[in-house]
Amino acid sequence: MTSSTLEAGAAHAPTASEYIKHHLGHFSTHHQEKVVDFSILNMDTMFWSIAMGVLGCLIMWMAARKATSGVPTRFQAAVEMVFEMVDNQAKGIVHGDRSFIAPLALTVFVWVALMNSLDFLPVDMFSGLFKLLNIEHIFPHHRVVPTADLNGSLGIALGVFALMIYYSIKIKGFGGWIHELFSAPFGIAMAPFNLLLNIIEYAAKTVSLGMRLFGNMFAGELLFLLIALLGAMATTFGFVGHVIAGSVWAIFHILIVFLQAFIFMMLTLVYLGQAHEGH
């Protein structure tokens, strides 16, 4: 290999900022030019969120299908532990009919945990695979973690918001819910302020629920990219630092992945529990 070839390869190698920008791009219907553009669909987020939803349902179905009354297998024991944990939390938080809410909370926990776990895949895995298959022109960008996309995390939060409204109306009646919007917490005499405060409360719950999950997962994804850049350094320090930092962060990230799924599930239960109660 000649020196001119090496120089050409170095010239075409992406810079650190270009590398990060490329890996943070989405495979979407068209390029986003505005801050808010609802016409754009991030196909990678949709694909992986649906795939993890199907996988979660399959895991739960397999656990229910293979459940026995005798000595449980490790798989059954693990699923039963998760189920009991979620069910106990639902009993302590939601005072009412939990026949739908407890399974919903379990679904949310498993689904979010699986989507978060995609962050453990190597950051260059799919870009390298697409390049190997010579289809990188079809998939110029591809992000795997749906919860690291604000659209994905806010989409789930909007689903929780819809359930909050549904249970508020179901428990209190439409008239009771409207009356609560105008009368709580300061009394009907302060109706305009009560309405504004309740609207802000609903918006804050929804936005904070989605932003908390997005922020933690986006930061984790970005740190994995920075560690990958450290490994790209053609020095002993770069390689050793990449191995040590990558291993430490991956171990610590296991806690973050499941902790964020647990927090999202708990807040879902808290918000739905509040919908069952009056001010």
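Residues numbered from 1 in each chain as written. Predicted model: local features only at pLDDT ≥ 70, side-chain atom pairs only at ≥ 80, totals over all residues. Heavy atoms only, no water.

1. A short note on the packing of aromatic side chains
- Applying the stated criterion across every chain, the model contains 11 aromatic pairs.
- Between Phe174 and Trp177 the ring centres are 6.1 Å apart and the planes differ by 55 degrees, which places this aromatic pair in the tilted class. A residue pair is termed a helical-turn pair when its members lie 3 or 4 positions apart in one helix, as Phe174 and Trp177 do in helix H7 (residues 150–183) at 3 residues.
- For Trp177, a relative accessible area of 12% translates into the label buried.
- Centre to centre, the rings of Phe214 and Phe218 are 5.5 Å apart; their planes meet at 35 degrees, and the pair counts as tilted. (Phe/Tyr/Trp six-rings, centres within 6.5 Å; stacked < 30°, edge-to-face > 60°. Helix = DSSP H or I, 4+ residues; strand = E, 2+ residues; numbered from the N terminus. Buried < 20%, exposed > 50% of the residue type's maximum accessible area, 1.4 Å probe, protein only.)

2. Side note on the UniProt feature "transmembrane region" (unreviewed entry) in the chain
- Here, the residues flagged by UniProt with the feature "transmembrane region" (unreviewed entry) are residues 46–64, 100–118, 150–169, 181–202, 222–241 and 248–272.
- Helix makes up 100% of residues 46–64 and strand 0%. Its end C-alpha atoms lie 27 Å apart.
- Secondary structure over residues 181–202 splits into 68% helix and 0% strand, and the C-alpha atoms at its two ends are 11 Å apart. (UniProt positions renumbered as here; feature names shortened; annotations may be inferred.)

3. So, the layout of surface pockets
- In this structure, the largest pocket spans a volume of roughly 1100 Å³.
- At the level of elements, helix H3 (43–65), helix H5 (101–117), H7 and helix H8 (191–231) are the ones that each hand at least two residues to the lining of the largest pocket.
- Among the elements that line the lining of the largest pocket, the one with the most residues is H7, at 7 residues.
- When its volume is computed, the second largest pocket comes out at roughly 560 Å³.
- Together, 26 residues line the second largest pocket, and His22, His23, Val123, Asp124 and Ser127 are the ones closest to its centre.
- Looking at side-chain class alone, the lining of the second largest pocket contains 13 nonpolar, 6 polar and 7 charged residues. (1 Å grid on protein atoms, 1.4 Å probe; cavity = no way out; pocket = protein on both sides within 12 Å on 5 of 7 lines; lining within 4 Å. Points joined across faces, edges and corners; volume = space filled by probe spheres on them. Nonpolar A, V, L, I, M, F, W, Y, C, P; charged D, E, K, R; others polar.)

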